[in-house]
There are 4 protein chains.
Amino acid sequence: MGTMRTLISNGTVVTASTAVEADVIIDGEHIVGVVEPGTAGDGFDRVIDATGRYVIPGGVDMHTHMELPVSGTTSADTYETGTRAAAIGGTTTIVDYAGQTRGSTLAAGLAEWMGRAEGHSYIDYGFHMMVTDVHEGTLAEFPQMMGVGVTTFKLFTAYPGVNLSDDRQILAAMQVAASIGATIMMHAENGIAIDLLRDEAVARGETDPIHHLLTRPASMEAEAVHRVVALAEIAGCPLVIVHISSQDALAEAVVARDGGLPVFAETCPQYLWLAQEDLPEGFEAAKFVCSPPLRRRSEGHQAALWSGIDTGRVDAVATDHCPFTWEQKEAGRGDFRKIPNGLGVVEHRVDLVYQGVVEGWIPLTRWIDVIAETPAKISGLYPKKGTIAPGSDADIVIYNPTGSHVLSARTHHMNLDYSVFEGAEVGGSAETVLSRGEVIVDRGVFVGEPGRGKYLVRGTNALLPERIVE
Amino acid sequence: MGTMRTLISNGTVVTASTAVEADVIIDGEHIVGVVEPGTAGDGFDRVIDATGRYVIPGGVDMHTHMELPVSGTTSADTYETGTRAAAIGGTTTIVDYAGQTRGSTLAAGLAEWMGRAEGHSYIDYGFHMMVTDVHEGTLAEFPQMMGVGVTTFKLFTAYPGVNLSDDRQILAAMQVAASIGATIMMHAENGIAIDLLRDEAVARGETDPIHHLLTRPASMEAEAVHRVVALAEIAGCPLVIVHISSQDALAEAVVARDGGLPVFAETCPQYLWLAQEDLPEGFEAAKFVCSPPLRRRSEGHQAALWSGIDTGRVDAVATDHCPFTWEQKEAGRGDFRKIPNGLGVVEHRVDLVYQGVVEGWIPLTRWIDVIAETPAKISGLYPKKGTIAPGSDADIVIYNPTGSHVLSARTHHMNLDYSVFEGAEVGGSAETVLSRGEVIVDRGVFVGEPGRGKYLVRGTNALLPERIVE
Amino acid sequence: MGTMRTLISNGTVVTASTAVEADVIIDGEHIVGVVEPGTAGDGFDRVIDATGRYVIPGGVDMHTHMELPVSGTTSADTYETGTRAAAIGGTTTIVDYAGQTRGSTLAAGLAEWMGRAEGHSYIDYGFHMMVTDVHEGTLAEFPQMMGVGVTTFKLFTAYPGVNLSDDRQILAAMQVAASIGATIMMHAENGIAIDLLRDEAVARGETDPIHHLLTRPASMEAEAVHRVVALAEIAGCPLVIVHISSQDALAEAVVARDGGLPVFAETCPQYLWLAQEDLPEGFEAAKFVCSPPLRRRSEGHQAALWSGIDTGRVDAVATDHCPFTWEQKEAGRGDFRKIPNGLGVVEHRVDLVYQGVVEGWIPLTRWIDVIAETPAKISGLYPKKGTIAPGSDADIVIYNPTGSHVLSARTHHMNLDYSVFEGAEVGGSAETVLSRGEVIVDRGVFVGEPGRGKYLVRGTNALLPERIVE
Amino acid sequence: MGTMRTLISNGTVVTASTAVEADVIIDGEHIVGVVEPGTAGDGFDRVIDATGRYVIPGGVDMHTHMELPVSGTTSADTYETGTRAAAIGGTTTIVDYAGQTRGSTLAAGLAEWMGRAEGHSYIDYGFHMMVTDVHEGTLAEFPQMMGVGVTTFKLFTAYPGVNLSDDRQILAAMQVAASIGATIMMHAENGIAIDLLRDEAVARGETDPIHHLLTRPASMEAEAVHRVVALAEIAGCPLVIVHISSQDALAEAVVARDGGLPVFAETCPQYLWLAQEDLPEGFEAAKFVCSPPLRRRSEGHQAALWSGIDTGRVDAVATDHCPFTWEQKEAGRGDFRKIPNGLGVVEHRVDLVYQGVVEGWIPLTRWIDVIAETPAKISGLYPKKGTIAPGSDADIVIYNPTGSHVLSARTHHMNLDYSVFEGAEVGGSAETVLSRGEVIVDRGVFVGEPGRGKYLVRGTNALLPERIVE
């Protein structure tokens, strides 16, 4: 007995390159054809009418933290609640961050995260590996990780005593990564200096959440980018600067890339749309606490990030999804240093970047590029994920370009009792979502089965010329 | 009676995004489907086996000069000889430069060029308009030109008394262009200052062709780029810097784009592969005389341009094809200022950029991007030209990635009795070429009919967000 | 019978290097000693008590336009009124701009200006030469000019049809200048492009003086600086960018100097203190019309210029003194293009830069450097002018650092019936001024004789290492 | 009974501003007058004829390490041998680096160094304080240090485990320094990353001295400069980057200063004249081992540093004098990491910078500025030291501008059995040297008494505008 054959007809297929009127033929889990409307013939088990809709590759969110243990608590979305919310918002792949426990192995960390995700995720998922303890032992595990599809390793210049690696460790990890074709993902903030500013603020009695923002200056993000770029150049190592929040940091990454280095820039919807100016008074601002922090709109950061997407200087928009409930955020009342860092964004990423198209910041194709194609390439998932082409997984979103709706905690699906985007109106919406050929959101109704998502064995960063990855 | 149906089977379809194993279905002049190998069904009039081959969009050369009248002579390739050579090399679209005769109208210039091309070209063609005399009258013609598909206007900061527009004229033209969604193409060299250096050199008795290169310093190219970027910023005008030859000029364009301006960079194969160091002694170097000139390899220009392609800082590779026979070049013996400027390159562009893939300078997808997709986008021809997708013209090249061959005047098809690439070995070759579904090169044999190429009514530059072209 | 011997005692001698308690011994026209207070001995014809005062070198204003013929009128200060005002304000040397009449020779221009100044100036004066017509003939005069002490030649990228030289002329003049050790002074604004913006504004009915400012964007000043720096680099020519008004233009000059080029930056008090925000409504703003124009304070230009003085990135503060009475300004009512360009500043320069010391922008020594020492060096007058040292001319100002006073047309001495600084309070004031040993301002009372000022045969720019001026 | 009165007659007095023919009058330890030749009168106890000579301020070497305990040994020059050599070479003031012993106090460190110098130095001396252990206790000592004339504090981003402070410590120290008007001196190299490169090299068997150079890339120096500038900007702290060796590092300091930050640049004669290309084969290269290391001449570092002096982008030339005998250097045979770092330079600094005048790199005045005036200003010793003016200490060198001689271990006075400048011919030489009015070198013969040098209570950095040091 054959596989199920699906036709998505009469839509406008949008990829990172262009928008064309075309029908998409799906056989089982894969796309088998993209053809002129009406030429696909008959014999389909299912026909989805996409008239007036964009047919886009399912979103690839290359930066999430589901069930992340952090400072005595755990981020509020499980692989189940988080991936359901992602899917409803048009994201069909996440690359989550597995983490090494200090003192233990990368393999153990991966196994732990695998265990948490397996049987729970509604969509396909992969893992980056957060290396919290760079030494000969963990470096020796890098090739094994590559062997099981973990081709990206994350390091931190922030969070001393928790995640921070020093420059020797960073350089050593970059050397190993370079030698095996892996890519380093970097949280770039000078956490050592920032911690002094934080402690000083608290000592002065400045304990409100706003001081979280004020003690993490953009110059300390830019500094860290400049530094890790210099280290990466010595190592010859591909580098992704994750969650860039400021024009200063972006400028450092851009100059590196201008100079030919394999340095890539990721930002997040929160840095594109939210700003320091948006914070509520007092402790309620804790909802907006993340690292790097939101920046001042009056300084031009948000406009610079949008411009960066437009010009291809920003490569990817991920979420750094790491939600904490209000109760969890309360832990930092009286001391902003204890507020768990992170926002809930995974459900809204596709919409929030599309809003940049609506408002004229970016062309349509750049939307798809930063939410799907380039994240898939960087993550080594392309063209399996991130595009609509024969052979690709049938991860497809039928997107209503005029599906205006309002974001709210009352309606969202993330496990979060508030929303930093509360009340924001966005112009489009994901209506129907397919994951490997299976409809998991049907005209707005979630119909997926938990655990149907599969672990993705990822390849290497596709943005590198051969001479680098050889 | 139906149209002819063609299947290109078993090849690897390469676009600017990716390479996938897929069959391409062509119905008449258009592509109607890209499907998984073996799933296209039967009933094809013709099946082209592309096993082991790349199936790529036909090349788009956005910068050619066929039959260009210049200083009392005419560039050596006609639309017939030039487009045949282009097709053999894998290029299926050219955007040639029509020109206004000083004192006459743009419309008259376009008509003249149209007359020369019509009935002669083997492949589809469009025209940019060289405006040699910017004034109220010619500016008033811009909208009409847009109406007939001429959406790009070329200005020069070089060649005083012939093509040069002064900064007032440039700014005025940019203002009009910006207001109607047109793009300005700019030959950026400070011709006024350069002419002094040229005259001084001749006065000193330095009359050999090498002095053509020595009197056009890279700083005078970079200066002009900087200047026209500043003017374009005031006008809010999209700008393409054509035939960038130096890292200095590229750096100016890159910084402009980093800053969010719609400034795009074109280079040519000659600037990627040839250098001042390659010039023969004495007057034979006249073969290599073009403007901007070849640069010193030891200064890093060629490596910087390759890196620019790799990182997306160079948007397009065109040819500035403008060949002159040895007899024509002889006009400048004894005075390099009289050597007709220009090289014959149109046949080799696809191969010469592919060679960058072979040598590890760029990934495969960047090859297709700079030779086809982005030139088509800038020229307002995308997705009709420049990609392989349903609805696109069936301009397709079956490219043998291991089709190594040697470039030579003995074997090339350009109307030129020498080659600046004589003896160069390139790793791949175009085997079979389709133009709008018609095979015009069949396994290396040219089988096209003259005059089958059609004039292309072009749209506007597709790289601009709506807010710019509004 | 001997010369008159003067002692200035008990003051604080301030130079560009430092402030020391010292007595200054003057014999006739020259300084013969700087000695520890009380050690000069007896036998002085005159003792000036400078207790509580700064004893500073007389100011050197390297950019004035007395009696300048411009668009059918003449700048309002004669060499008599202008130099009296200068002296009262603490300036004892001016370098005015002689000008070639188009079609005539440099020699004739110099003779004309010499004739106007001779017998009228109260203080010593030199001339730069404005070359309005660069051709073989005028270039051939450069060495003669050097021979009579005119070692600096001014060119314009502004004012097409009046003063503008094209890039060929500029480069040619720079080549000649470089070959003889002369320095080029450059008015850097892209006048050709600016003129279009001006004409367009008027065509739109935007005729008020504010449009003078709005049609001369800072980017067009920066562009011109970038361009002439590129030309100067080719020629190997020393270059002074005069009257820099914007941070953009300053940045271009600074980058050039960072790169080792002999490029120097001059600004003026009006650009340090006045801004677009200060303009009165309507036509009264004509008082503030000068070129380059005043810039927006909110954009940071003024702060950047002060910072530039502090860090040594700005070399000199001159005035571009070129006053026009209200009646003269009236010529531009209804068409801002007809407003004579220029402000009256020569009297206040020393005070207005000192005010930067009072407000903490710059250290005391930088004050003296930019108002006296470095202008004297650039002008080839050092150490005759610009410092207090044995052998130097006894051009000395006894400056009261707490001599607060208010600037006003009611009290100033310039031939001008209004003041752009009306009502501004400055913290210090020149009390007694000596020119070549002669007291010409005695505790605020002007006592000089007209015509006592002498023409200065200037040497070459002293800021250049030998390898450049060879 | 009165003090001794000395006249230096008929010389050319050269300061950072200019060169004038003048006589210098000295009374006891101080200069009391600078007067026109022949006007000083009679009654001098001693007249030094300086006909044909430069009369310059005694050199101020703001970076020396006499008797420095380092890795189990001690730098080879004592305060006696080192200051004698300095004096013979024309340097009359050193600012040496006292150091805190880890675990002990700054006060104890200062006392220890004071003890070593007192009674031994031939010339006046001050101390910077190397803080090796930044914590609340040592920070609390900063004001006390200021009180005893130690106004500059040195930190290291190099030498982990020995001198390195982390970014928190650096920022904390900068905050304290900023609050009290102190200046931070920074050894800027990323020692943490460099140590990995060193260990890797040795692990690969690359143990020769050349690998010391190869494992300290210029990018790691530039990175550290960029980082500490960012930290200083947050703290509002004045910063001197000591011993800049590369154009990359200089560029970072220059950009900071361009931006208005109080960041100053020091280099050393070894970085101006010596290069990687000069190293002998094998272990003999150990003589040239210092940190930062010598750079490749072919990359342009030396030319960039000279250009930086010319343009005022380099503020001071000190020596980082820290000599080790050949026997001491032998400790690193077989492992370059064990070679004591440091060169013997203190005797030749004045000559080696003067050689830049001879060869046309810099004007005469820049020589005096970087060897005397600006180091004195930065060190808070101006105008007591660093100039020739009434009230200044009579630290004067009679310099023969044509006193060509050859540098050699056979003739130098440093306690070093080899010379990295062996055989170099320099064009000038110090003939007679006065320290506080006392002749200590008389026409080349050293006649000073040990212990005559006095400790200098230094003020704050004079290059800062008031608003910074408030």
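Owing to the predicted nature of the structure, the values given are computational and were not obtained by experimental measurement.

How each quantity is defined
Residues numbered from 1 in each chain as written. Chains lettered and ligands numbered in written order. Predicted model: local features only at pLDDT ≥ 70, side-chain atom pairs only at ≥ 80, totals over all residues. Heavy atoms only, no water. Helix = DSSP H or I, 4+ residues; strand = E, 2+ residues; numbered from the N terminus. Buried < 20%, exposed > 50% of the residue type's maximum accessible area, 1.4 Å probe, protein only. Contact = heavy atoms within 4.5 Å. Pairing = 2+ DSSP bridges. Least-squares fit on C-alpha atoms with pLDDT ≥ 70 in both. Buried area = accessible area lost by both parts, 1.4 Å probe. Salt bridge = Lys/Arg side-chain N within 4 Å of Asp/Glu carboxyl O. Polar contact = N/O pair within 3.5 Å; in protein donor to acceptor, adjacent residues only side chain to side chain. Phe/Tyr/Trp six-rings, centres within 6.5 Å; stacked < 30°, edge-to-face > 60°. Lys NZ or Arg CZ within 6 Å of the ring centre and 35° of its normal. Axes fitted to C-alpha atoms, helices over the stretch in contact; angles between N-to-C directions. Parallel < 35°, antiparallel > 145°, perpendicular 65-115°, else oblique. Left-handed = near helix turned anticlockwise from the far one by under 90°. Nonpolar A, V, L, I, M, F, W, Y, C, P; charged D, E, K, R; others polar.

### Focus: the overall build of chain A
Stage number 1. When helices and strands are tallied, chain A shows 14 helices and 21 strands.
Stage number 2. Counting only C-alpha atoms and orienting by the principal axes, one finds that chain A spans roughly 70 × 50 × 40 Å.
Stage number 3. Scored against the burial criterion, the 470 residues of chain A give a buried share of 67%.
Stage number 4. Within chain A, contacts between residues at least 6 apart in sequence are counted, and of these 75% link residues at least 24 apart.

### A word on the pairing of strand S20 (residues 438–442) of chain B
Residues and elements named next belong to chain B.
Stage number 1. With three bridges connecting them, strand S19 (residues 429–435) and S20 associate as antiparallel partners. Within the sheet, the bridge partner assigned to serine 435 lies in S20 and is glutamate 438.
Stage number 2. Counted between consecutive antiparallel strands, the loop separating S19 from S20 contains two residues, among which arginine 436 sits at a positive phi close to 45°.
Stage number 3. Of the strand pairs in this sheet, S20 and strand S21 (residues 445–446) are connected by two bridges, and their pairing is antiparallel. Across the sheet, the residue bridging to aspartate 442 is valine 445, located in S21.

### Description of the relation of the copies chain D and chain C
Stage number 1. Superposition record for chain D on chain C: RMSD 0.0 Å, screw rotation 180°, translation along axis 0.0 Å. Both chain copies can therefore be described as sitting about a two-fold axis. Considering only C-alpha atoms, the part of chain D nearest the rotation axis is Val34(D), at 2.7 Å.
Stage number 2. Comparing contact sets, 100% of the residues at the interface of chain D also lie at the interface in chain C, consistent with an isologous, same-surface contact.

### Here we look at the interface of chain B and chain C
Stage number 1. Contact with chain B, which involves 25 residues of that partner, is made by 25 residues of chain C.
Stage number 2. Between chain B and chain C, a total of about 2,000 Å² is buried, with carbon and sulfur atoms accounting for 65% of that surface.
Stage number 3. Ranking the residues of chain B by area buried against chain C places Arg168(B), Leu196(B) and His226(B) at the top, with a combined share of 28%.
Stage number 4. Here chain B is connected to chain C by four salt bridges.
Stage number 5. A salt bridge links Arg227(C) to Glu223(B); the shortest N-O distance between them is 3.8 Å.
Stage number 6. If you look at where chain B meets chain C, you find nine residue pairs in polar contact (both at pLDDT 80 or more).
Stage number 7. For the side of chain B that touches chain C, the elements supplying multiple residues, two or more each, are helix H4 (167–180), helix H5 (191–203) and helix H7 (218–235) of chain B.

### Things to note about the packing of aromatic side chains
Stage number 1. Under the definition given, this model contains 60 aromatic pairs over all chains.
Stage number 2. Measuring from ring centre to ring centre gives 5.1 Å for Tyr354(D) and Tyr399(D), while their planes differ by 65°; the resulting arrangement is edge-to-face. Within this pair, whereas Tyr354(D) is found in helix H12 (residues 349–358), its partner Tyr399(D) is found in strand S16 (residues 396–400), the two being separated by 45 residues in sequence. When sorted by exposure, Tyr354(D) lands in the same class as Tyr399(D), which is buried.
Stage number 3. An aromatic cluster of at least three residues, connected via ring pairs, comprises Tyr54(A), Tyr354(A), Trp367(A) and Tyr399(A).
Stage number 4. Over the ring of Trp326(A) we find Lys287(A); its NZ or CZ atom is 5.7 Å from the centre of that ring.

### With respect to the packing of helix H12 (residues 349–358) of chain A against helix H13 (residues 364–378) of chain A
Residue and element names in this part refer to chain A.
Stage number 1. Contact pair H12 / H13: the axes reach a minimum separation of 9 Å and the direction vectors enclose 155°. As judged from the angle between their axes, H12 and H13 are roughly antiparallel. The two elements H12 and H13 meet at a crossing, and its hand is right-handed. Where H12 abuts H13, its residues Arg349, Val350, Val353, Tyr354 and Val357 lie against Leu364, Trp367, Val370 and Ile371.
Stage number 2. Residue classes in the contact of H12 with H13 are distributed as eight nonpolar, no polar and one charged.

### As for the pattern of salt bridges
Stage number 1. Taken as a whole, this structure holds 120 salt bridges over all chains when the rule is applied.
Stage number 2. The residue Arg227(A) makes a salt bridge to Asp167(A) at a minimum N-O spacing of 2.8 Å. Here Arg227(A), found in helix H7 (residues 218–235), pairs with Asp167(A), found in helix H4 (residues 167–180); they are 60 residues apart in sequence, far enough to count as distant. By the burial criterion, Arg227(A) is buried, and Asp167(A) matches it.
Stage number 3. We note a salt bridge from Arg297(B) to Asp278(B), for which the minimum N-O separation is 2.8 Å. On the criterion of sequence distance, the pair formed by Arg297(B) in the loop between helix H9 (269–273) and helix H10 (301–310) and Asp278(B) in the loop between H9 and H10 is long-range, its members being 19 residues apart.
Stage number 4. In this structure, a network of salt bridges that share partners links the residues Glu29(A), Asp124(A), Lys384(A), Lys385(A), Asp393(A), Asp395(A), Arg436(A) and Lys454(A).

### With respect to the side chain of Arg366(D)
Residue and element names in this part refer to chain D.
Stage number 1. In this structure, arginine 366 sits in helix H13 (residues 364–378).
Stage number 2. The exposure class assigned to arginine 366 is buried, which follows from its relative accessible area of 14%.
Stage number 3. Residues contacting arginine 366, with those up to four places away along its chain left out, are Ile309, Asp310, Gly312 and Val314.

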